[in-house]
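Chain and residue survey
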Amino acid sequence: MPQFIIDQQTGEVALSLEHFLNLNLFKDTQRKNCYSIIFLKGEKASLSIDFREYKLEGNHVICLSPYQSFALCSDTECHGFQLSFHPDFFCTYRHQNEVETEGVLFGNFHDLPFFKIVDETSFLNLIDQISNEIDIDCIAQHEVLVSYLKIFLIEAIRQKKKFSKNVDLSCYNMQTEVLQSLMDAINNHYTEKHSPKEYADLLCTSTKTLAGITKKYMNQTLTCLISNRILIEAKRELYLTPKSIKEIAASLGYMDEFYFSRFFKKKVGVSPNVYRKTVGFDKQSTL
């Protein structure tokens, strides 16, 4: 049975912990208005995130942002737990100076949304502590749970960074140099350049070359990389600021706010307004 903490002001689930013995819970594509961390133990599994497919071998941690679509299945035995928390309970953006989750665990448009577990003992110990605290229902429970969650996220960041050092991108060659230049270009120009051709022209190469490199190293299309970077900033603005949708769209290079809203809904699954009302600034301003 899942364990959970209810936000007394909204009546919604603020924090939940669920142990699973198989992957039936994740077989259908789903989106949640919270952050989710899946601790997966098993030999092999197939992971779909934002309609990209990954093959996992061994024990992994999967990190999901609000409304990120995903599905998980396996022909072999898999078990583990899912830890989820709403941004009202712990705002990753507001705690970025303490725990650098954004750009490492969540919202990293050019990195993998999972990592192979180096040391499972630390995770399991923290999960036991979180589970016990949820059941206690004592004074300062929220503060204790936030502290455990911070430690859990810090451990995840440490292991993710170790994992990232060992992926193919660490092997320097001309293609990885081009890929790094592409990532830098997207980070610097995503508010003004939205098409693959614009980045190919900027880097004096062809869209075909860039497409091949991004597919090889990132398992993504170039269009997807650009869109994801735009969406990360859009979500941050919707979450943290009272700016209108029109203002946010314009700051990201979209003069037509309705075109931007259609783009956002197509990629995220909900409109900017719904995202803001269920996760972002409007949600917080009513608390």
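Preceding this section is the structure that the text describes.
Calculation notes
Residues numbered from 1 in each chain as written. Predicted model: local features only at pLDDT ≥ 70, side-chain atom pairs only at ≥ 80, totals over all residues. Heavy atoms only, no water. Helix = DSSP H or I, 4+ residues; strand = E, 2+ residues; numbered from the N terminus. Polar contact = N/O pair within 3.5 Å; in protein donor to acceptor, adjacent residues only side chain to side chain. Contact = heavy atoms within 4.5 Å. Patch = residues over 30% accessible without salt bridge, like charges linked within 9 Å, V, L, I, M, F, W, Y side chains within 5 Å. Areas by Shrake-Rupley, 256 points an atom, 1.4 Å probe, with all protein chains shown as cover. Salt bridge = Lys/Arg side-chain N within 4 Å of Asp/Glu carboxyl O. Buried < 20%, exposed > 50% of the residue type's maximum accessible area, 1.4 Å probe, protein only. Pairing = 2+ DSSP bridges. Axes fitted to C-alpha atoms, helices over the stretch in contact; angles between N-to-C directions.

In this fold, T214 is placed in helix α5 (residues 207-218). In terms of polar contacts, T214 uses its side chain to reach the backbone carbonyl oxygen of A211, at 3.1 Å. Other than its neighbours up to four places away in sequence, T214 contacts L179, L182, N219, Q220, T221, L222 and L225.

On the surface, F4, I6 and V13 cluster together into a nonpolar patch covering about 240 Å² of accessible area. Its location among the elements puts V13 in strand β2 (residues 13-20). Residue classification places V13 among the partly exposed residues on the basis of a relative accessible area of 43%.

Once that is clear, we can look at the sheet that holds β2. In a beta sheet, neighbouring strands are held together by backbone hydrogen bonds and run either parallel or antiparallel to one another. With antiparallel pairing, the 6 strands of this open sheet are ordered in space as β1-β2-β8-β3-β6-β9. Looking at which strands have only one partner, the edges of the open sheet turn out to be β1 (3-6) and β9 (114-116). Shown here is a sheet whose adjacent strand axes are inclined to one another by a mean of 10 degrees, direction ignored. For β1 and β2, the ladder comprises 4 bridges, and the chain directions are antiparallel. Paired with I6 across the bridge in β2 is V13. Here helix α1 (residues 120-136) sits on the sheet and contacts β1, β2, β3 (35-42), β6 (60-64), β8 (78-85) and β9; the angle it forms with β2, its principal contact strand, is near 125 degrees. With respect to the sheet, helix α2 (residues 141-164) is in contact with β1, β2, β3, β8 and β9, its orientation differing from that of β9 by roughly 70 degrees.

Interpretation note: all reported values are geometric properties and have no functional meaning in isolation.
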